[in-house]
Amino acid sequence: MVSEKMKPFMANNSAIRAMFEEGKRMAAIYGKENVYDFSLGNPNVPVPRVNEALLNVIQGEAFNELHGYMSNAGYEDVRQTIADSLNKQFGTNFSFKNLIMTVGAASGLNVILKSILNPEDEVIVFAPYFVEYNSYIRNYDGKVVVVSPDTETFMPKLAEFEEKITPKTKAVIINSPNNPTGVVYSEETLMALAQIMKKKEEEFGTSIVLLSDEPYRELAYGGIDVPYATKYYHNTIVCYSYSKSLSVPGERIGYLVIPDEVEDSEMLIGAATIANRILGCVNAPSLIQKAIKYCIEHDISVDLEAYEKNRNLLYNALTEYGFTCAKPDGAFYLFVKSPVADEKEFCEAAKKHQVLFVPGSSFACPGYVRIAYCVSYEQIERSLPAFKKIAEEYGLV
Ligand code: PLP
């Protein structure tokens, strides 16, 4: 019954999910508080005022306006509110016409890839990366081209990037703040990427889209600047999501920005609006769209300090125990070097102490593990003796 095209997707089904299921199994045996599950990037810091927004919308909107069909791109007033807020923050010049509300970043990426990819078109990604990109690209018969990781800095390897751009390159995906490393791309990095892409566009006479996947944009610590990618390269499309910044991944809400500077922008916006519909999303969920508008108007956002405290606690402890890890500037992940070459073995050893995290091979970067610190501060504190024992077992302390 299952199609041949679908079978490889099933075989590749995420190790992250498998680990999450393992966590649930262990919690049933040892008790939830004795399992230290750092496997899933599920935001844990509540944003109670989102509920206030939802209630306000339910009470304030007419039934049919709130629950009816709408433009496939989403409510105009919501899109204009987001555009105004982006313009204020980044000095851009967007209007509602440049925005399409999507069913989270996952859907936004699918919408745009469906809109631009021809079979065999190549999409460049920088390892380590969110491997669901592979599935999204293959959904539209594109080819994934991976730039190998720079394990010193986890910034894009520029020389290799330039070599891997071909006349078939249709898009390049960047993700900053990054899952799984937490690094934030500097302005210099964005400028360097832009320069290479422009040069290659001219050399090959092609158009290359820079797809900036930004679900972690607001999760950046110590006041670090997360440059807005559309400022550096004309063919930039931003894929944003509120999953992490408002802790609402289950609500499925985000948007695409297709600026006027993008080549054939009007046609592309039209294509993406139709793609949103024919992929079966039709439009992003209406109630949460309106709630987003309320959140922007009332400055509602997640308490960043909670994640920053988690980062500091875990980073300081792990490095003190002898683990090697670059201090992340954003997102809620630590990307830690495995003390043994096979990081899956390291994950198995940690499991014996009820500590769960994800092998780097799930992000095309073996030899590392991703530890998602979007759990309570107390849970991290309780997990530290287990991390210490693991470090002792590997002779790190
Ligand atoms: N892109 C990256 C880098 C992610 O880490 C995730 C989710 O964890 C997504 C996209 C998908 O986000 P959403 O829940 O908004 O679909």
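Residues numbered from 1 in each chain as written. Predicted model: local features only at pLDDT ≥ 70, side-chain atom pairs only at ≥ 80, totals over all residues. Heavy atoms only, no water.

### Topic: the overall build of the chain
Where we set the bar: In this text, helices come from DSSP runs of H or I with a minimum length of four residues, and strands from runs of E with a minimum of two, each type numbered from the N-terminal end. C-alpha atoms define the radius of gyration in this analysis, and the globule rule sets the expected value at 2.2 Å times the number of residues to the power 0.38. Under the scheme applied here, a residue whose accessible area is under 20% of the maximum for its type counts as buried, over 50% as exposed, and between as partly exposed, the area being computed with a 1.4 Å probe on protein chains only. Residue contacts are counted whenever heavy atoms from the two residues lie within 4.5 Å of one another. Using the Shrake-Rupley algorithm and a 1.4 Å probe, accessible areas are obtained, with residue cover drawn only from the displayed protein chains. Charged-residue counts in this description rest on Lys and Arg as positive and Asp and Glu as negative, His and the chain ends being excluded. Each charge is placed at NZ for Lys, CZ for Arg, CG for Asp and CD for Glu.
When its secondary structure is counted, the chain shows 14 helices and 12 strands. Here the C-alpha atoms of the chain give a radius of gyration of 21 Å, agreeing with the 21 Å that 2.2 N^0.38 yields for 397 residues. On the principal axes, the C-alpha backbone points of the chain span a range of 60 × 55 × 50 Å. Burial statistics for the chain: of 397 residues in total, 54% are counted as buried. A separation threshold of at least 6 residues defines the contact pool for the chain, and within that pool the share at least 24 residues apart is 73%. Total accessible area computed for the chain in this model is approximately 17300 Å², and 51% of it derives from carbon and sulfur atoms. Each charge sign in the chain was given a centre, from 38 positive and 51 negative side chains, and these centres are 4 Å apart.

### Some details on the side chain of Ser247
Short version of the rule: Polar contacts, as counted here, are pairs of nitrogen or oxygen atoms within 3.5 Å of one another; within protein the pair requires one atom able to donate a hydrogen and one able to accept it, and residues that are adjacent in sequence qualify only if both atoms are side-chain atoms.
Within the secondary structure, Ser247 is located in the loop between β7 (236-241) and β8 (254-257). Look at Ser247 and you get buried, because its relative accessible area is 18%. Of the polar contacts made by the side chain of Ser247, one reaches the backbone oxygen of Val45; its length is 2.6 Å. Once you skip the residues sitting within four places of it in the chain, Ser247 turns out to touch Pro43, Val45, Val47, Tyr242, Val302 and Tyr307.

### Let's talk about the packing of aromatic side chains
Selection criterion: Two rings from Phe, Tyr or Trp (for Trp, the six-membered ring) form a pair when their centres are within 6.5 Å of each other. A pair whose planes differ by under 30 degrees is stacked, one over 60 is edge-to-face, and the rest are tilted. Whether a charge lies above a ring is judged from NZ of Lys or CZ of Arg, which has to be within 6 Å of the ring centre and within 35 degrees of the ring normal.
As enumerated under the stated definition, the model contains 21 aromatic pairs in all. Plain terms: the ring middles of Phe130 and Tyr133 are 5.6 Å apart, the flat faces sit at 80 degrees to each other, and that makes the pair edge-to-face. Each ring, one from Tyr240 and one from Tyr242, has its centre 5.0 Å from the other, and the planes form 80 degrees; the classification is edge-to-face. With respect to burial, Tyr240 and Tyr242 carry one shared label: buried. Grouping aromatic residues by their ring pairs yields a cluster made of Phe38, Phe323, Phe346, Phe357, Phe387 and Tyr394. For Lys290, the ring lying beneath its charged end belongs to Tyr75, and the centroid distance is 4.2 Å. The residue whose ring lies beneath Lys309 is Tyr377, and the NZ or CZ to ring-centre distance is 5.1 Å.

### Some thoughts on helix α6 (residues 104-116)
One turn of an α-helix holds 3.6 residues; hence residues three or four places apart share an orientation. How we decide: Working rule for helices: expected span equals 1.5 Å times residues minus one.
Look at α6: 19 Å from first C-alpha to last across 13 residues, which is about the 18 Å you get at 1.5 Å a residue. Counting buried positions along α6 gives 10 out of 13 residues, so the element sits mostly inside the fold. Those residues of α6 lying buried are Gly104, Ala105, Ser107, Gly108, Leu109, Asn110, Val111, Ile112, Leu113 and Ile116.

### Topic: the sheet that holds strand β2 (residues 99-102)
Condition: DSSP bridges decide pairing: two strands pair if at least two such bridges lie between them. Axis angles are defined between N-to-C directions and span 0 to 180 degrees, where every axis is a line fitted to C-alpha atoms and, for a helix, only to the segment in contact.
Reading across the sheet, the seven strands line up as β2-β8-β7-β6-β5-β3-β4 and stay open at both edges, with mixed pairing between neighbours. The sheet terminates laterally at β2 and β4 (143-147), the two strands that pair on one side only. Ignoring which end each strand starts from, the neighbouring axes of this sheet average 20 degrees apart. Here five bridges tie strand β5 (residues 169-175) to strand β6 (residues 209-213), and the two strands are oriented parallel to one another.

### Here's the deal with the nonpolar core
Applied cut-off: Definition used in this section: a nonpolar core is a set of buried Ala, Val, Leu, Ile, Met, Phe, Trp, Tyr and Cys residues joined via side-chain atoms within 4.5 Å. A domain assignment, automatic or from a database, supplies the domain bounds used here.
Phe38, Leu314, Phe357, Ile371 and Phe387 are the most contacted members of the largest nonpolar core, which totals 74 residues. When residues of this core are sorted by domain, at least three fall in each of domain 1 (7-47 + 303-393) and domain 2 (49-297). Aside from chain neighbours lying at most four places away, what touches Leu314 is Phe38, Leu334, Ile371, Tyr373, Ile380, Leu384 and Phe387. Core analysis: the second largest hydrophobic core is formed by 30 residues, Ile100, Leu117, Ile237 and Ile258 among them.

### Focus: the site of the ligand
What counts is decided by this rule: Here a residue is near a molecule or strand as soon as one of its heavy atoms is found within 4 Å of it. As a working rule, the residues Ala, Val, Leu, Ile, Met, Phe, Trp, Tyr, Cys and Pro are called nonpolar, Asp, Glu, Lys and Arg charged, and the rest polar, with Gly in that last group.
In the vicinity of the ligand there are 14 residues, among which Ala105, Asp213, Tyr216, Ser241 and Arg252 approach most closely. Here an oxygen atom of the ligand sits 2.6 Å away from a polar atom, N or O, in the side chain of Ser241. When the ligand is considered free in solution it has 390 Å² of accessible area, and contact with the protein chains removes 91% of it. The element that contributes the greatest number of residues to the shell around the ligand is α6, accounting for three residues. Class assignment for the residues of the shell around the ligand results in six nonpolar, five polar and three charged.

### Some words on the domain arrangement of the chain
The test is simple: Note: buried area is the sum, over both parts, of the accessible area (probe 1.4 Å) each one loses when the two are combined. The salt bridge criterion pairs a side-chain nitrogen of Lys or Arg with a carboxyl oxygen of Asp or Glu, the two atoms within 4 Å.
Splitting the chain by domain gives domain 1 (7-47 + 303-393) and domain 2 (49-297). Computed from C-alpha coordinates alone, the two centres of domain 1 and domain 2 are separated by 27 Å. Facing the 26 residues of domain 1 at the interface are 33 residues of domain 2. Taken together, both faces of the contact between domain 1 and domain 2 bury some 2400 Å²; the carbon and sulfur share is 64%. The interface formed by domain 1 and domain 2 holds zero salt bridges in total. Viewed at the interface, domain 2 and domain 1 are joined by 13 residue pairs in polar contact (both at pLDDT 80 or more). Elements with a contribution of two residues or more to the side of domain 1 that touches domain 2: α12 (304-320), β9 (333-337) and β12 (368-372). With four residues, the top contributor of residues to the side of domain 1 that touches domain 2 is α12. Partitioning the side of domain 1 that touches domain 2 into residue classes produces 17 nonpolar, five polar and four charged.

### Considerations on the packing of α6 against helix α10 (residues 265-278)
Selection criterion: The labels follow the angle: roughly parallel below 35 degrees, roughly antiparallel above 145, roughly perpendicular from 65 to 115, and oblique for the rest. It is the rotation of the near helix from the far one that decides the hand of a crossing: anticlockwise by less than a right angle makes it left-handed, clockwise makes it right-handed.
For the pair α6 and α10, the least separation of the axes is 8 Å and the interaxial angle reads 120 degrees. The angle between the axes of α6 and α10 places the two elements in the oblique class. Pair α6 / α10 crosses with right-handed handedness. Across the interface between the two elements, Ser107, Val111, Ile112, Lys114, Ser115 and Ile116 from α6 touch Leu268, Ala271, Ala272, Ala275, Asn276 and Ile278 from α10. Of the residues belonging to the contact of α6 with α10, the class tally is eight nonpolar, three polar and one charged.

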